Amino acid sequence: MKNIWSEKITPIVVTFNPNISRLAKLLVSLTNFNNVKLVDNGSININELKQLIQEHGNVQALFLSLNSGLAEAQNKAINLIEKKGSESRFIILFDQDSVPVENCIDVLYGYAKELVNQGEKLGVIGPALLDSFSDSRFGFIKNGKRFYKEEAENNIFECDGINSSGSLIPLTVWQELGGNNDELFIDHVETDWCFRARAAGYTCYGTFDALLSHSMGESTLKYWLFGWRTMPDRTPNRHYYLFRNSIFLQQQDYVPRSWKILNIIKLFLTAGYFSIFTKKRLKHICNMWNGVIDGLRKCSGVNRRA
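A brief report on the enclosed structure follows. Think of each chain on its own: its residues are numbered from 1, step by step along the sequence as written. Selection of residues for local features in this predicted model requires a pLDDT of at least 70, selection of side-chain atom pairs for listing and counting requires 80 or more, and totals for whole chains, interfaces and linings are taken over all residues. Only hydrogens and water are set aside; all other atoms, that is, all heavy atoms of the structure, feed into the side-chain values.

Before going further, it helps to spend a moment on the pattern of salt bridges. A side-chain nitrogen of Lys or Arg and a carboxyl oxygen of Asp or Glu constitute a salt bridge if their distance falls within 4 Å. With the rule as written, the count across this model stands at five salt bridges. Measuring nitrogen to oxygen at the nearest pair gives 3.5 Å for the salt bridge that ties Glu72 to Lys76. With Glu72 and Lys76 both in helix H3 (residues 70-84), this residue pair falls four residues apart, about one helical turn. Arg196 is the partner of Asp192 in a salt bridge, and the nearest nitrogen-oxygen pair spans 3.0 Å. Remark: Arg196 and Asp192 occur in helix H6 (residues 189-199); sequence separation between them is four residues, near one turn of the helix. The buried category is assigned to Asp192, whose relative accessible area is 1%. What counts as a helix is a DSSP run of H or I of at least four residues, what counts as a strand is a run of E of at least two, and both are numbered from the N terminus. Here the term buried applies to any residue with accessible area under 20% of the maximum for its type, exposed to any over 50%, and partly exposed to those in between, with areas from a 1.4 Å probe on protein chains only.

Two cysteine sulfurs form a disulfide in these notes if their separation is within 2.5 Å. Inspection of the entire model under this criterion finds zero disulfides. Cys194 carries a free sulfur, and the closest cysteine sulfur to it, the one in Cys204, is 4.0 Å from it. Under the relative-accessibility criterion, Cys204 is labelled buried at 1%.

Attention now goes to the packing of helix H8 (residues 257-276) against helix H9 (residues 281-296). Angles shown run from 0 to 180 degrees and are taken between the N-to-C directions of axes, each axis being a line fitted to C-alpha atoms and, for helices, limited to the stretch in contact. At a minimum axis separation of 7 Å, H8 and H9 run at an interaxial angle of 150 degrees. By the angle between their axes, H8 is roughly antiparallel relative to H9. Of H9, the residues touching H8 (which contributes Thr270, Ala271, Phe274, Ser275 and Ile276) are Arg281, His284, Ile285 and Met288. In these notes the angle categories are as follows: under 35 degrees is roughly parallel, over 145 is roughly antiparallel, 65 to 115 is roughly perpendicular, and the rest is oblique. Contact criterion: two residues are considered in contact whenever any of their non-hydrogen atoms come within 4.5 Å of each other.

Given two aromatic rings, their pairing is described by the distance between the two centres and the angle made by the two planes. Aromatic rings from Phe, Tyr and Trp, with only the six-membered ring used for Trp, were paired whenever their centres fell within 6.5 Å, and each pair was classed as stacked if the ring planes differed by under 30 degrees, edge-to-face if by over 60, and tilted otherwise. Inspection of every chain in the model, using the stated rule, returns 11 aromatic pairs. Feature note: the residues Phe140, Phe147, Phe157 and Phe208 constitute an aromatic cluster, connected by ring pairs. The lysine or arginine in question, Lys50, covers the ring of Phe63, its NZ or CZ lying 5.0 Å from the ring centre. In this analysis the charged atom, NZ for Lys or CZ for Arg, is taken to sit over a ring once it is within 6 Å of the ring centre and within 35 degrees of the ring normal. The side chain of Lys121 reaches across the aromatic face of Tyr202, ending 4.4 Å from its centre.

Put plainly, a pocket is an open set of points on a 1 Å grid over the protein atoms alone with protein on both sides within 12 Å along at least five of seven lines, a cavity is a set where a 1.4 Å probe fits but cannot get out, and a lining residue has an atom within 4 Å of a point. Grid points are joined across faces, edges and corners, and a volume is the space filled by probe spheres set on the points. For the structure shown, the criterion picks out two cavities of 30 Å³ or more. When its volume is computed, the largest cavity comes out at roughly 70 Å³. Residue lining of the largest cavity: 14 residues in total, with Leu93, Ser167, Ile169, Glu190 and Trp193 positioned closest to the centre. Looking at which element gives the most residues to the lining of the largest cavity, the answer is H6, with four residues.

Turning next to helix H2 (residues 46-54). What H2 keeps buried is the set Leu49, Leu52 and Ile53. Taken down its axis, H2 places every buried residue within 100 degrees of arc, on the same side. Pointing more than 90 degrees away from the buried face of H2 are the exposed residues Asn47, Gln51 and Gln54. Packed against the buried residues of H2 are strand S1 (9-15), helix H1 (20-29), strand S2 (36-41) and strand S3 (59-64). For this quantity, the arc is that covered by the directions from the helix axis to the C-beta atoms.

Take a look at the structure:
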């Protein structure tokens, strides 16, 4: 039986060489929705993926021949909504390795509707993240500081930004902002979007009442920086995008100065850790350095150096 709000929300899923069993759990959790949009970025296990999609009649898929990146794939998925003339008021974004826990979407929609009815300029509301590998719970960042459930005074609260996966966004706001910046490809795509939303007068909200199981990497590093923080283990190629897109954001007027300062500190910590304590340290160093150089050169799009 479909929920009352199933026609009001369109889930967006982006895949790239997905773990089929993990993706299957996500699609099962979205069974109540009328139309799930899935965009695949040229996966090598395309036959397995197509077979899985055939088992879910509510999934409309777009298969790309090449990896266009997370940012562009999400934009393409929302173009499908607009062409069809959907009645959806909200979109909810999912990575391929995320699974909403219990009533996660119900809670997000309930709070979103409440905020909109109160006249709030809602940009996005997102759940707390539960790392599927380590069972670590991640907090939200507010004014540059990460805080956790025991520190939250209210059920919903303003924060600097929201992780892309699990984020519930009014479709009109997405359209007003022009969607994602395609040139970022991956990493900090949602950071850029949230800062643009805030600059346009919208507010980002988080809630610990909704929980999303999400892969933050096969392992996480815990470190202290004005409080305990966590950093996911990443591939060298991802560090290219992380550093390049960080340099891009450093140059944007709509990005808060507090974020820029903390971001620089985190980049130095990341560079130090992955240059010393990892097996592929040379590859990490090269990709991070190339990311910095390309960021300063204002290069964007897919990484041609890896």
